[in-house]
Structures are given as C-alpha cells and as structure tokens.
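# An overview of the molecular structure
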Number of protein chains: 2
Amino acid sequence: MTPRTDRSWWGWGSDAAQLTATETTELVDRVALLLPGHDLTDHEPPDPHALAVPPPRVAPPSALADLCSSDVVDRLSHARGKAFRDVVRNLHGDVSHIPDLVVRPRTEEDVVAVLDWCTSSDLPVVPYGGGSSVVGGVEPRFDGPAVTLDLTALDRVLEVDPVSRGARIQAGAYGPALEDQLRPHDLTLRHFPQSFEFSTLGGWLATRAGGHFATLATHIDDLTESIRVVSPAGTGESRRLPGSGAGPSPDRMFLGSEGTLGVITEAWMRLQQRPRWQRTATVAFGSYDAAVSATRAVAQSGLHPANCRLLDPAEALINAGTAVDGGLLILAFESADHPVDAWLERALELVADHGGTVLATRDRAAPVQGEDASRSWRSAFIRMPYQRDALARRSMVVETFETACTWDAFPSFHAAVTDAARRAIAEVCGGQGIVTCRFTHVYPDGPAPYYGIYAGGRWGSTLAQWDEVKVAVSTAIADNGGTITHHHAVGRDHRPWYDAQRPDPFAAALRAAKSALDPAGILNPGVLV
Amino acid sequence: MTPRTDRSWWGWGSDAAQLTATETTELVDRVALLLPGHDLTDHEPPDPHALAVPPPRVAPPSALADLCSSDVVDRLSHARGKAFRDVVRNLHGDVSHIPDLVVRPRTEEDVVAVLDWCTSSDLPVVPYGGGSSVVGGVEPRFDGPAVTLDLTALDRVLEVDPVSRGARIQAGAYGPALEDQLRPHDLTLRHFPQSFEFSTLGGWLATRAGGHFATLATHIDDLTESIRVVSPAGTGESRRLPGSGAGPSPDRMFLGSEGTLGVITEAWMRLQQRPRWQRTATVAFGSYDAAVSATRAVAQSGLHPANCRLLDPAEALINAGTAVDGGLLILAFESADHPVDAWLERALELVADHGGTVLATRDRAAPVQGEDASRSWRSAFIRMPYQRDALARRSMVVETFETACTWDAFPSFHAAVTDAARRAIAEVCGGQGIVTCRFTHVYPDGPAPYYGIYAGGRWGSTLAQWDEVKVAVSTAIADNGGTITHHHAVGRDHRPWYDAQRPDPFAAALRAAKSALDPAGILNPGVLV
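Per an unreviewed UniProt entry, chain A goes by the name Alkyldihydroxyacetonephosphate synthase and belongs to Nocardioides kongjuensis. In its Cofactor (unreviewed entry) section, UniProt records this for chain A: "FAD". One UniProt comment on chain A, placed under Sequence similarities (unreviewed entry), says "Belongs to the FAD-binding oxidoreductase/transferase type 4 family."

Rendered as structure tokens:
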C-alpha cells in the first residue's frame, strides 16, 4: 500500500476533482450577483516546496524508520484538517504546527510500537484517518514536536459474516475502499458522510460521524458492533454483540474519544443489504414554520425515512436551484426488503396536512415525475467543499456549523443563532452575507440543523473574520440549549463550548479515564481533556 | 409520600397479588405431571419479626434521622433483590447482609447530604429503586455496616414538553406512577419490563433495563434524553439533546453504572403518543431452525415490529398454552400515526417464506381471529414471578438467565447453552428438569435469548443447586460468544463473567472514573468495579 497521491495538500479532496473552469465561472458569476462589489480576485495556493517548513525535531528509532516520512508536502498535508480556517491558513502559507513526522503503521503491532516509542519519549502523537476534520481535530496545535499517526495503510475488510450482516474492518479504510470490499458480498455499510471519499472508518468512529440515514441510525455509533483499541496502557476489544446490558457500554466510551484515549485499529460493523426500493419526494412549503411542523410530524410518525432533509429558502435556492417561500423538504424511503409506497404515502399525507405541496417524486424503478430538486441537491452536496475552497481563494468567508436541539426550543434557538450569525457578519464582514439552514438529521425529539455562511471578506483577514463569527454563533448555540456539535466532533476548535456543555461528573470521569489509558498524555493533546 | 406497604418482604411484587388458591392448585398439578415424584410440600415464608436480625451498627447524624428507618421488616425487604436465590434465602430466614438503615431522601439535597455523610464516615451505600434486581445488585454483600438509599420518595414527573415529547421525571418513580402522571398529557414512556409495577425509572437507567420494544428502542438507553447524577464528587446533568456528537456520550457512562458512579436523581425521557393501531399475529413453525430463520428475516427486514418474540416449544406450551413442534412467533406492530397493515402483511409474507403458519391475528379495533396465544402469553408473563415464588416454596429450582449473541453464532451457542443447562440439571438435580427459551428482543445482527429453567430440587439445597447450574450456563454463555447479560445487569452475581467479558482498556477507564467520582469507594461496593 502506497499513500494516496491524489489528495490536495491545501484544500478539500483530490486535486483532480477541483472545480472546472466552467464550474468556477458559474460560481463566481453567481456570487458576483449575490454580493455585488466583493473583490473576487483568485489567490492561488502557494508552492508547498517554497514554504519555510522547519526540519523535523525528532528522529524515529531505527525499527520504526521505515514507517516514517519527513517529506515536506506529506507533513504539510497532515498539518491540519479541512475546515475553512485550515484551507485559509494553507492558502496563506502558514507553516505553524506542522507535524515533524508522518508515521504509517502497516500492522497493529506497528501501532503498539509507535505508542510505546511516543510514551517513552513523551512525544505527542495525533491519530489521523482521512484528515477531513473541520474542528482542528488532527492539528498538533501545541508547542514542541509531534508525530502524526496516519492509519490509512490499515485498509482491509478482514472478515464478513453474511448471516448476521457484519464485517470486521480495519480502521484506516476509506469509505470507497471499504464499500468496494463489501460489494462482492452484496452488503454495504451505507454510511455516507459528505466526506465519504476522504475519510476513514476509524475517523468516523473516533468522531461519532453522522451519515446517510436522517433517522434511526444517524451516527456511526449505531452501526458499531464492537471496537478494537490500542491504548498506551494496553489493547482490547469488545465482544461482538447485537445488544448488551453488561455495565456501561465499552464502545460508547471510545466512540467520540477523538484519539485521546487510544487508537481504534478495527471494528465489527453492522451492514445492510443494498436497497432495492427507493422512493423520494420533494415538497415545497409556503412558510418555514409550516415546513418545520411538517418535518416534526414525519420525525415523530415512526415512519423512519432514510432522508428527511429540510432546506430553508436560501439553501434551496443556492444548493438545489429551487425557489420556495418557506422551505423544501427532501423525503426518501428505502428498503432492501419491501416496496416503501405505504411509508411514502403516509408521509405525504402528513406533509399535506401541514400545507406542503409535492414538487416531484422519484421511484428507483420509474422515471422522475416533476422537477427533481433532490438530485440537484445531492450533486451540489458532494461539490460543496470544492466550491468552498474556490470561494476561500476569492476572499469569501464560507463555512458551516451544525448542532441539534429539541423541537420546543427550535424556533427561538433558530432565531437566536441566525440573528447572532447575521449580526456578526454585519459587524465583521460589513453586512454582506447569507445564512442558510438545513436539517441533516431529525429525531422524534428534535432536529439537527446545519447552517451555512457566505460572506464577503478581505483577503488576509478572512480567518480572523470567520473566527469572530464562529465565536458569536457558538455562543448563541450554547446559550440557547443546542449542542456545540451534532456530528462534526469537538476537536480543538469547539473546546470552550464543549467544556461548558459537558456535565462536571462526566468531565471528571473522562479525565480520570484519560490518565489511566494514556498516563504520559501523548494522545492528541488539547482535544477533549 | 409514605413508603409502599403492599410489597412482599420475601418474594416478588405485592402481597395482595400472590397466586390464588386456584392458581396454586393448577400450577402444582401441572408441575406434578411434568416432574412426577417431586416433593411439592409448601414451605411458608418465616415471620420476619421472629428472625434474629442484628441491630443497626450505625446511627445517622441527627439532620438525617428523619429520613432513616431501622425497622426490621423494612431492612429485611431491602436486603436483597428478587432473584430465585434471594427468595430462597428469604424463605430460609437467612439474615446475613441486612442493611443497617434504610434512608429515604425526599429531595436531591437529601441525596447529597446522605452521600456526604457516608463519604465522611466511610460507610457503604446501596442506591435502591424498586429492589427488583435479579443479579444481587442491591444487596450489601460485604462485611461491615451499610445503608440502603431508597429513592422511591422522589417519584414525580416534574415537567412535560408535549412538542418534543419529553418529560423530566424523578428517578424514584415506579412504572405505574410515572405512566399515571403522563396519561393526562396523552403521552407514555412505553417502557414495560416484566418488573414494571415494582421497578423505578432510576433502576431502569442504572441497569440499562430492557423494555417493551422488541426492536429499535430495546433498552431504556434509547429513550433517554438527559440524566442528572449526584456523585460524591459533585452533581451534574447532561443537556437535553435529541442527538449529539460532542465527545463520548456522557449519558452512556451512567447508563448501566449500577449505582457505582453516582445516584441518578432525575432524567429527561423521550415519550410517545399512545398507539392507536395495533396488529398482532401468532405464527407456528414445524422446526425450530425455520422459526429462527423466519425471526431473523423479520429482524433484518427494516419493518421494526414492536413485538417479535419467538417461543420455543417448551416455552409455548408452559407459558402460552400452545403446542407447537418448532416454535411460536408472536409478532406485533403498533403506531400512533398510521394503520400498520402493510407492515404486518410483509412480515407475514416473510414468515410464510420460512414455513410459518398463522394461528391467529388480532387487530386492536376488531375481534380476535383464531386462538390468541399472544394474550395467554402476556397474562402468563406478568404472573411468572409469582409462580416462580410458589414453586420456590415447593423445593423447585426455577430461574431465568438471558443473553444476546450474533445470528451466525446462535445455533451452536444455543446448543452449547441448553446442553450445559441440561447436564448441570442432571448432575445437580438428578435429571428432572426443563429448559425453555424465548427471544425477548431481536436485532438485525442477532437475538436476545432468554432461558427458563424448571427443575426439581431438595428443600434446603435449592440455592446451592441453582448456583451450580448458574455457573455452568454462565460459563457456556461466556465461552460461546454471548454477553453475560442483555438486560438484567451485572450486579454481584455476574461479576466473574463480566470481568472476563469487559475489554481491559475499558476496565481501566471505568476503575479510574470510579475513583474520581467516588474517592471513598462507598457507592455499591462489589458491583462492576
């Protein structure tokens, strides 16, 4: 296994998939219309070889030398995740906090050896999957040397159990590689975060990633049967069980531990058969309140749609190319076992009760009826991060933040958060900006709203501008009963709000667990604990 | 609030609900048929006032004296749970390990004061809800004094949110009291363990209780929005959130902590509307393998039945009064939102594909079609523990154990476990005995089998006889990939197998968490850690 060479060192995804000239022109023209007067000069990424990257401050023991890379571009590409603030710093050639070495274990024994070395040398180590963190989760943002533990060489599906529908999968497998290995068994994990192509199973587990399903199995947590972890204090794995009540769940302690308690090396995951039936509908609403009520009715109906994504008018216009007054709901049901007509029909009755109008329906086995905004939205979804990077190069402040709250809180929560965002944009970016909202996941007791911000910045200041907006919106989220993250994790960027949100007894328990498993404190310092 | 006076001090449930003379005669006649020659002499429980219960070894500080009871019957009723081994010891007048005081806090401040007193006095404290533990979870099975913290005075629903369908409920509320307070809001928690009448919300949370739903929300964990905990090191509560990815789940650390990390004082729980549509079917199979395959197909179908309980022929005969060769599957769908015909119809197609024959169907709104074994089974279910006690009085060894495993493992697992049970019964009880199995919950990746044992014992030896059988079956469970408990918790009785099952890194984390939250080690010593 050789490291992937298609990845962009400075921005999202792969170099080959960056926006085409035509896509760029269309995007820039659209922004020029929305934000007239904004300076759209393109600032190209620097040549990484020309950057003053300091030489490594540590050398590996000879037994591990083979696994280590000190290549400058390799180190630069591992220095941070793919948040707007990461991309902007890369575009400006910021070389602070670059890992000294990138270590690529080929076996679990290698992982043990690396942790032993780092523990005995008091050397911080940052576990790293696809590097798609948008919360500073993989950045050695501290003084002194650091190594990054890139797990992508551990990329195999080791075992498949077709009867129970499970597979034992190494943590470093990227989404597509993992699905490719499951396909011959006619099984799928069906976990499709936006980062699917560029993130790994281990990263999903360590960050409690949100995936394909809008209801029920919203997080990777729910697809996890057992986890194997290497910690500095020892290695262990939970038993493969469909359910258990034997003490607090061991897996739930490592799910979301963000590389601070141990390194996840493999997991048994729950799989599905590929869906044979799929029905999708897009529904327009005249008022946002009605759209939210309809979405709540569906979320509380027990129908469990696979997709239940409510786009507000701005999101619908920008990313689905559809003009609506109140909101656009994308609903989908899917099954490998049975037609889902009864499910969709009842859901459409519910949305009709709340004033929704069906714009289009799609059946996997039949032609599209009506104008299919759900497909436009899906294509846009995959391209969004590339567009974000193109706009970051053009002095825009373009970023997202996401959360969850209860339904009763949502109206005032949403008003407070969008108000905070608009005020911050007005103050920091001089008034030019757009705030969008969609629900990525919905629960019987509340939605997971996902916000987008598009504002005109000033080249050289967009990082500081975003950071100010981020503080304002995060504080509004915290003050109005939301979670600082529904599925992007805590990393280093969310620490202040996470620390306030986390109950004190749990904080004490987590600190103690960290000390027990990582006595030298080498694992991803600055994250969570 | 005065303590419940209807409870049996020595056996299950309430004194008033013990078997009637007719029920007893019927039961005893049935057993006489199944186990001819067994000595069915009735051994009545002793007069608790005549037992040599030692006087309390501790006195409370005067500020807490009001909350404390040293009444002998009160102390005896709190001395152990309601497992067979507890009932037998009570029947024999065993007075070892009786708590010195029963303390009934009326407010959370009282709980804090009790923990402060116990911490400063190095006095073990056993948190106690309804006392229905069947795993030694509430028994001060250690030397030296102990107090039992009975939380049942904290029994109110404090707040209801009808929009998000949630309620803030005090931990000491019994099932019926909690449902009574939710009924005016037309909402229900719909968590119905067999112990429903005699167990509390806090007990359910602390032990990860299994409830009404055979699929999806199988455990109370899934109905939990946030938890408030008082630990010796401080008090805290998680935020009310429908979903979150902010670090490892704080609630999942306390769910299943069995009173070792803190005392749960209240929780926000997810509620439902009462179902308006319910359809039930009972399906007979000619072979057990076919019945298991059919059940797996339903569990993997995405239809999410509320009930999907597979009874083996012995269980079907004894508890549902139905003779089948292979198995009896009780299937039910329910909804507050929509008719569930499409769901049941597809499930019946699946079971027909595996050779199932529908014996009866029931529609909430229509008369029963066919012989309704599902209703017989449900009535039997509620009466089972009372029957168990009547048989315990008659020198029978009657107990259950439960687990979960993956579908691929189930055939060999089931063979090994039933074989171990039968061998142990033959060796220990001289060959007279029955082993039954039902699935209480099913998952896409495996079932949760629940076993019953009925064997003839010798008066004075039934405790030792059961303990030997328990070791044999627990070892078979552990050796064949099951969990030592799916929803009965670990307590003191499951420790050896739990310790072996728990991954080492998690064990280290849990011990460290315990030390941080309960530095004096006063909380439920001997459980989990």
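## Details of the overall build of chain A
What chain A contains, in helices and strands, is 16 helices and 19 strands. Here chain A has a C-alpha radius of gyration of 23 Å; the compact-globule value for 529 residues is 24 Å, and the two agree. Principal-axis analysis of the C-alpha atoms places the extent of chain A at approximately 70 × 60 × 45 Å. Classification of the 529 residues of chain A by burial places 64% in the buried group. Approximately 17,800 Å² of chain A is accessible, and the part contributed by carbon and sulfur atoms is 51%. One finds the centroid of the 47 positive side-chain charges in chain A at a distance of 2 Å from the centroid of its 64 negative side-chain charges.

## Points about the UniProt feature "domain: FAD-binding PCMH-type" (unreviewed entry) in chain A
UniProt records the feature "domain: FAD-binding PCMH-type" (unreviewed entry) for residues 95-274 of chain A in the present numbering. Secondary structure content for residues 95-274 of chain A is 19% helix and 25% strand, while the C-alpha to C-alpha distance between its ends is 44 Å.

## A closer look at the sheet that holds strand β9 (residues 234-237) of chain B
All names here are of chain B. What the 5 strands build is an open sheet, ordered β5-β6-β10-β8-β9; its pairing is antiparallel. The open sheet has two edge strands, β5 (157-161) and β9, and neither has a second partner. Strand-to-strand twist of the sheet, defined as the mean angle between neighbouring strand axes without regard to direction, takes the value 10°. Against the sheet, helix α5 (residues 108-120) engages β8 (224-231), β9 and β10 (263-270), with an angle of about 45° to β8.

## Focus on the side chain of Arg438(A)
All names here are of chain A. Along the chain, the position of Arg438 falls in strand β18 (residues 433-443). Engagement of the side chain of Arg438 in a polar contact is seen with the side chain of Glu315, the distance being 3.2 Å. Discounting chain neighbours no more than four positions away, the residues touching Arg438 are Arg309, Leu310, Leu311, Glu315, Trp377, Phe381, Met384, Ala448, Pro449 and Tyr450.

## Some points on the relation of the copies chain A and chain B
The two copies are related by a screw motion: chain A maps onto chain B through a turn of 180° and a shift of 0.0 Å along the axis, at an RMSD of 0.0 Å. Read as a symmetry element, the transformation amounts to a two-fold axis. Measuring from the rotation axis to each C-alpha of chain A, the shortest distance belongs to Ala512(A), at 2.6 Å. Most of the interface of chain A is mirrored in chain B, where 100% of its interface residues are also at the interface.

## Points about the environment of Gln273(B)
Residue and element names in this part refer to chain B. Tracing the chain through its elements places Gln273 in strand β11 (residues 272-273). When the C-alpha atoms of Gln273 and Leu187 are compared, they prove to be 4.8 Å apart, with 86 residues separating the residues in sequence. Filtering out sequence-adjacent residues up to four positions away, Gln273 remains in contact with Arg165, Asp186, Leu187, Thr188 and Ala336. Side chain to side chain, Gln273 and Arg165 meet in a polar contact 3.2 Å long.

## Let's talk about the interface of chain A and chain B
Chain A puts 81 residues into the contact, and the matching count from chain B is 81 residues. Between chain A and chain B lies a buried interface of about 6,200 Å² when both sides are counted; carbon and sulfur atoms form 61% of it. In terms of surface lost to chain B, no three residues of chain A exceed Arg239(A), Pro242(A) and Pro248(A), which account for 11% of the buried area on that side. Remark: the boundary between chain A and chain B carries 6 salt bridges. In this structure, the salt-bridge partner of Asp337(B) is Arg346(A), at a minimum N-O distance of 2.8 Å. Taken together, the connections running from chain A to chain B amount to 30 residue pairs in polar contact (both at pLDDT 80 or more). Elements with a minimum of two residues in the side of chain A that touches chain B: β8 (224-231), β9 (234-237), α8 (250-254), α11 (341-353), β19 (446-456), α14 (462-479), α15 (495-501) and α16 (504-517) of chain A. Here the residues of the side of chain A that touches chain B are counted per class, giving 38 nonpolar, 28 polar and 15 charged.

## Observations regarding the domain arrangement of chain A
Residue and element names in this part refer to chain A. Looking at chain A, the domain boundaries give domain 1 (52-274 + 494-529), domain 2 (277-376) and domain 3 (394-490). Using C-alpha coordinates to define each centre, domain 2 is positioned 24 Å away from domain 3. Listed as interface residues are 15 residues of domain 2 and, on the opposing side, 14 residues of domain 3. Buried surface at the junction of domain 2 and domain 3, summed over both partners, amounts to about 1,300 Å²; 61% is from carbon and sulfur atoms. Where domain 2 meets domain 3, there are 1 salt bridge. Residues Arg438 and Glu315 are paired through a salt bridge, measuring 3.2 Å at the closest nitrogen-oxygen approach. Summed over the shared surface of domain 2 and domain 3, the number is 5 residue pairs in polar contact (both at pLDDT 80 or more). Listing elements by their share of the side of domain 2 that touches domain 3, those giving two or more residues are α9 (288-299), β13 (307-311) and α10 (313-320). No other element matches the 5 residues that α9 contributes to the side of domain 2 that touches domain 3. Here the side of domain 2 that touches domain 3 is built from residues that sort into 8 nonpolar, 3 polar and 4 charged.

## Topic: the nonpolar core
Core analysis: the largest hydrophobic core is formed by 123 residues, its most contacted members being Val351(A) and Val351(B). Among the nonpolar cores identified, the runner-up in size contains 86 residues, and Ala173(B), Ala217(B), Leu261(B) and Leu517(B) belong to it.

## As for the side chain of Ser8(B)
Residues and elements named next belong to chain B. Note that Ser8 resides in the segment before α1 (21-34). Classification of Ser8 as buried rests on a relative accessible area of 2%. Side-chain polar atoms of Ser8 contact the backbone nitrogen of Trp10, separated by 3.3 Å.

## A look at helix α10 (residues 313-320) of chain B
Residue and element names in this part refer to chain B. Along α10, the positions that sit buried rather than exposed are Glu315, Ala316, Ile318, Asn319 and Ala320. On its buried side, α10 packs onto α1, β13 (307-311), β14 (327-335), α12 (373-392), β18 (433-443) and β19 (446-456). Positioned one or two residues after α10, Gly321 has a phi angle of 60°, which is positive.

Rules of the game
- Residues numbered from 1 in each chain as written.
- Chains lettered and ligands numbered in written order.
- Predicted model: local features only at pLDDT ≥ 70, side-chain atom pairs only at ≥ 80, totals over all residues.
- Heavy atoms only, no water.
- UniProt positions renumbered as here; feature names shortened; annotations may be inferred.
- Helix = DSSP H or I, 4+ residues; strand = E, 2+ residues; numbered from the N terminus.
- Rg over C-alpha atoms; globule rule 2.2 N^0.38 Å.
- Buried < 20%, exposed > 50% of the residue type's maximum accessible area, 1.4 Å probe, protein only.
- Areas by Shrake-Rupley, 256 points an atom, 1.4 Å probe, with all protein chains shown as cover.
- Lys, Arg positive; Asp, Glu negative; His and termini not counted.
- Charge placed at Lys NZ, Arg CZ, Asp CG, Glu CD.
- Pairing = 2+ DSSP bridges.
- Axes fitted to C-alpha atoms, helices over the stretch in contact; angles between N-to-C directions.
- Contact = heavy atoms within 4.5 Å.
- Polar contact = N/O pair within 3.5 Å; in protein donor to acceptor, adjacent residues only side chain to side chain.
- Least-squares fit on C-alpha atoms with pLDDT ≥ 70 in both.
- Buried area = accessible area lost by both parts, 1.4 Å probe.
- Salt bridge = Lys/Arg side-chain N within 4 Å of Asp/Glu carboxyl O.
- Nonpolar A, V, L, I, M, F, W, Y, C, P; charged D, E, K, R; others polar.
- Domains from an automatic or database assignment.
- Core = buried A, V, L, I, M, F, W, Y, C linked by side-chain atoms within 4.5 Å.

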